[in-house]
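Okay, here's what each chain looks like letter by letter:
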Amino acid sequence: MTLIFLISVFAGFIGALSGMGGGIIIVPALVLLGINIKYAIAASMLSVIATSCSATAAYAKERIVNVKIGTFLQMFTILGAIAGATLTLHLSEKPLSLMFGLILLTSWITLLKKGVSVAHYDNKGGFVDNYLELSGCYEEKVPPYRIINYKSKHAILGGPFMFLAGMVAGLLGIGAGALKVLILDLLMGLPPKVSTTTSNYIIGITALAGSSVFFASGYLKPGLAVPIILGVLTGSWVGSKLLVRMVEEAVRKLFLVILLIIALEMIWRGI
Amino acid sequence: MTQDKQEISQTKPQRPSNIDEQCISSVIADDIKAHKDAIARLNEEIKKHQQAILALQKKLSTIPAVRKVVSLEDIISTVYRWGVALTIIFFVAGMIRFYIRHDSLNVDYSMFYKNFYQFTEREMQFITLGHFRTEVLLNAGLMILLLTPMIQVLATGVYMVVANKNWKYGIITLFVLLILSISLLLH
């Protein structure tokens, strides 16, 4: 139980720092400890709610989270998560892990090629972006303390893509924050810090939708979930304290490294 | 505007008929030009200070103590902070009890409830009756953890409609809440 707790502390830390839930580390770690993967997924899904809530509490206070963009995209992710979690109860996840790993690897190469992030996020925005007022601003906590204004684009495509991200989340018991950050960052053109924090905000509700499916399935064991949740909360608390003080580039670099590890891990699991 | 004025001041000294007048007028024109340049510089300074004031006002508005109304971000932050804090309290209490009392509880106990609302109802009964068994404490933490995002969505929806009069987001949050409720109720 102490080991599970320690792994969870590490997972929570990485999860909060990169905008992903800690599930991506917890699930394979629990499987290595000899726990049935479906119990691992259900417990991980609960820990994802905890991580997201704790981190969002900090980000919302710092005014980095964009609630409107988050709320709009939640509509799609919860439907995806319910569909994904229902599939998990019935499907084998091997081919899906492989597919997920490959998708992540492709995105990783795209992100790497992009390199330094763009400084201007003043997108024109489509009909949906303008109608739903998907824009905002935040202030950097590092000198020169710039106020960054931004507006989203391609929200009409962001929705369906978020459904898929939600589905992956429900299917594998992870936050799928990596995918959500990619959609917010590359497709909707949001600044990295807004992407990671807003993705964290969406993850909590998505994980609740996924957990609702696992709830009555009998795969949810509080005795397993409790040390995980406590560990993840400890880790994510430390992680969220660090993020608001970090520069954009540092977040991006860390995100790139973690994304590669997950991609390779997923492919390994799928083979 | 300033360019036009500068052109006028340059054309004026060309008119005088004798050398003295020409000299005096060119000196005066130079003075006028110097003052105008000073005004232009000061205007630039004013512009800079105005921009600085705007930036500071924006910064000031983000400080919680200064804001007149409670922002949505504050509400979300508060709901999540309390939700997580209560969850931790119940979990830690449950774990302490588990280790101290060496409860008969198997750590891998399963939960058999039809749905989340039935679970919540049963849990509330235990708590109000004062049955603080390890299992009850851990389940209570779990119940709070699952209810926290629901309450947050509800609070967001109410805020959007009441404070912002934003019906678009009222409908969106209602949709999210409905899907979550149906999913927790049906499974």
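The structure reproduced in this document is the subject of the present report. (Residues numbered from 1 in each chain as written. Chains lettered and ligands numbered in written order. Predicted model: local features only at pLDDT ≥ 70, side-chain atom pairs only at ≥ 80, totals over all residues. Heavy atoms only, no water.)

All names here are of chain A. Within the secondary structure, Lys180 sits in helix 8 (residues 177-187). One buried charged side chain, Lys180, makes no salt bridge at all; its nearest oppositely charged neighbour is Asp185, positioned 15 Å away. Beyond its immediate stretch of four places on either side in the chain, Lys180 contacts Thr77, Met162, Ala165, Ala169, Gly175, Ser199, Ile202, Ile203 and Thr206. (Helix = DSSP H or I, 4+ residues; strand = E, 2+ residues; numbered from the N terminus. Buried < 20%, exposed > 50% of the residue type's maximum accessible area, 1.4 Å probe, protein only. Lys, Arg positive; Asp, Glu negative; His and termini not counted. Salt bridge = Lys/Arg side-chain N within 4 Å of Asp/Glu carboxyl O. Contact = heavy atoms within 4.5 Å.)

Facing 50 residues of chain A, the contacting portion of chain B comprises 52 residues. Interface area for chain A against chain B, summed over the two sides, is near 4,600 Å², with a carbon-plus-sulfur share of 77%. Ranking the residues of chain A by area buried against chain B places Arg63, Leu208 and Phe215 of chain A at the top, with a combined share of 16%. Our enumeration of links across chain A and chain B arrives at 1 salt bridge. (Buried area = accessible area lost by both parts, 1.4 Å probe.)

Angle between the axes and distance between the axes: these two values describe a pair of packed helices. Residue and element names in this part refer to chain A. Look at helix 3 (residues 37-61) against helix 9 (residues 192-215): their axes get within 8 Å of each other, and the N-to-C directions meet at 150°. Relative to helix 9, the element helix 3 lies roughly antiparallel. Crossing of helix 3 against helix 9: the hand is left-handed. Along the contact surface, helix 3 presents Ile41, Ala42, Met45, Leu46, Val48, Ile49, Thr51, Ser52, Ala55, Thr56 and Tyr59, while helix 9 presents Thr197, Asn200, Tyr201, Ile203, Gly204, Ala207, Leu208, Gly210, Ser211 and Phe214. Class assignment for the residues of the contact of helix 3 with helix 9 results in 13 nonpolar, 8 polar and no charged. (Axes fitted to C-alpha atoms, helices over the stretch in contact; angles between N-to-C directions. Parallel < 35°, antiparallel > 145°, perpendicular 65-115°, else oblique. Left-handed = near helix turned anticlockwise from the far one by under 90°. Nonpolar A, V, L, I, M, F, W, Y, C, P; charged D, E, K, R; others polar.)

This brings us to the packing of helix 4 (residues 67-90) of chain A against helix 6 (residues 167-186) of chain B. Contact pair helix 4 of chain A / helix 6 of chain B: the axes reach a minimum separation of 10 Å and the direction vectors enclose 25°. By the angle between their directions, the pair helix 4 of chain A and helix 6 of chain B is classed as roughly parallel. In the packing of helix 4 of chain A onto helix 6 of chain B, the handedness of the crossing is left-handed. Residues Lys68, Thr71, Phe72, Gln74, Met75, Ile78, Leu79 and Ile82 of chain A of helix 4 of chain A touch helix 6 of chain B, and the partners they reach there are Tyr169, Ile172, Thr173, Phe175, Val176, Ile179, Leu180 and Ser183 of chain B. Across the contact of helix 4 of chain A with helix 6 of chain B, the residue classes tally to 11 nonpolar, 4 polar and 1 charged.

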